[in-house]
Amino acid sequence: MADAVYEGATDEALEDTQVIVKQALEADSDDLLQADGLILGTPENFGYMSGGMKDFLDRTFYEVEGKLKPLPCGIFISAGNDGTGALTAIRRIAKGYPFIEVQEPIVVKGKATDSQIEACRELGLAMAAGLEAGIY
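We now turn to the structure provided with this report. Note that the structure is predicted; figures quoted are calculated from it, not measured. (Residues numbered from 1 in each chain as written. Predicted model: local features only at pLDDT ≥ 70, side-chain atom pairs only at ≥ 80, totals over all residues. Heavy atoms only, no water.)

1. Comments concerning the packing of helix α1 (residues 2-9) against helix α5 (residues 114-132)
Here is step 1 of the chain: Direction vectors running N to C along α1 and α5 enclose 40 degrees, while the axes themselves pass 6 Å from each other. Accordingly, the angle class assigned to the pair α1 and α5 is oblique. Relative to α5, the crossing made by α1 is right-handed. From α1, A4, V5, E7, G8 and A9 reach across to α5, where they touch I117, C120, R121, L123, G124, L125 and A128.
Here is step 2 of the chain: For the contact of α1 with α5, the class distribution of residues is eight nonpolar, two polar and two charged. (Axes fitted to C-alpha atoms, helices over the stretch in contact; angles between N-to-C directions. Helix = DSSP H or I, 4+ residues; strand = E, 2+ residues; numbered from the N terminus. Parallel < 35°, antiparallel > 145°, perpendicular 65-115°, else oblique. Left-handed = near helix turned anticlockwise from the far one by under 90°. Contact = heavy atoms within 4.5 Å. Nonpolar A, V, L, I, M, F, W, Y, C, P; charged D, E, K, R; others polar.)

Here it is in structure tokens:
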């Protein structure tokens, strides 16, 4: 799923988009402060976001509080259950940053189908194109 998001965000039709991909444990507050937008992706673990994603959000929140411009945000989740616990938690935390959800999240239950992988590609493309066009 993440590879498809990246593929869309780096589509050859885009001219002025720089895409940086980091694992949650590698990302930090400087990444957020320099970003024009972001896409958060996580597996669902025990009905919640991954520990790495929670760690990222915990580590960076107070570091960027009051410094971060509203960031357009997309979300994708690979779910073993239904993904609602992970999505609810991410949305609740994202409001405090502020992350502005600009697209419907993609929640895949079980193994991703070709159409779900294509939806991930479109998520990346739409975010990058929207940033490039100044929509977000």
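2. Thoughts on unusual backbone geometry
Here is step 1 of the chain: Residues Y97 and P98 are joined by a peptide bond in cis, for which omega reads 15 degrees.
Here is step 2 of the chain: In this structure, F46 takes a positive phi of about 55 degrees despite not being glycine.
Here is step 3 of the chain: With respect to the helices, strands and loops of the structure, F46 is situated in the loop between β1 (38-43) and α3 (51-64).

3. Here's the deal with the state of the cysteines
Here is step 1 of the chain: Across all of its chains, the model carries zero disulfides by this definition.
Here is step 2 of the chain: The thiol sulfur of C73 is not disulfide-bonded, and the nearest other cysteine sulfur, from C120, lies at 14 Å.
Here is step 3 of the chain: Classification of C73 by relative accessible area gives buried; the value is 2%.
Here is step 4 of the chain: Here C120 falls in the buried class, since its relative accessible area comes to 0%. (Disulfide = S-S within 2.5 Å. Buried < 20%, exposed > 50% of the residue type's maximum accessible area, 1.4 Å probe, protein only.)

4. Overview of the environment of D82
Here is step 1 of the chain: Examined against the element boundaries, D82 turns out to sit in the loop between β2 (71-79) and α4 (84-96).
Here is step 2 of the chain: Each C-alpha atom, one on D82 and one on G47, is 7.8 Å from the other, the two residues being 35 residues apart in sequence.
Here is step 3 of the chain: If sequence neighbours within four positions are ignored, D82 has contacts with E44, V107 and K109.
Here is step 4 of the chain: Polar side-chain contacts of D82 include one of 2.9 Å to the side chain of T84. (Polar contact = N/O pair within 3.5 Å; in protein donor to acceptor, adjacent residues only side chain to side chain.)

5. So, the packing of aromatic side chains
Each aromatic ring pair is specified by the distance between its two centres and by the angle formed by the two planes.
Here is step 1 of the chain: What the rule picks out here adds up to three aromatic pairs.
Here is step 2 of the chain: Between the aromatic rings of F61 and Y62, the centroid separation amounts to 5.0 Å while the plane-to-plane angle is 85 degrees, which identifies the pairing as edge-to-face.
Here is step 3 of the chain: Under the relative-accessibility criterion, F61 is labelled partly exposed at 21%.
Here is step 4 of the chain: One aromatic cluster is present, built from ring pairs that chain together F61, Y62, Y97 and F99. (Phe/Tyr/Trp six-rings, centres within 6.5 Å; stacked < 30°, edge-to-face > 60°.)

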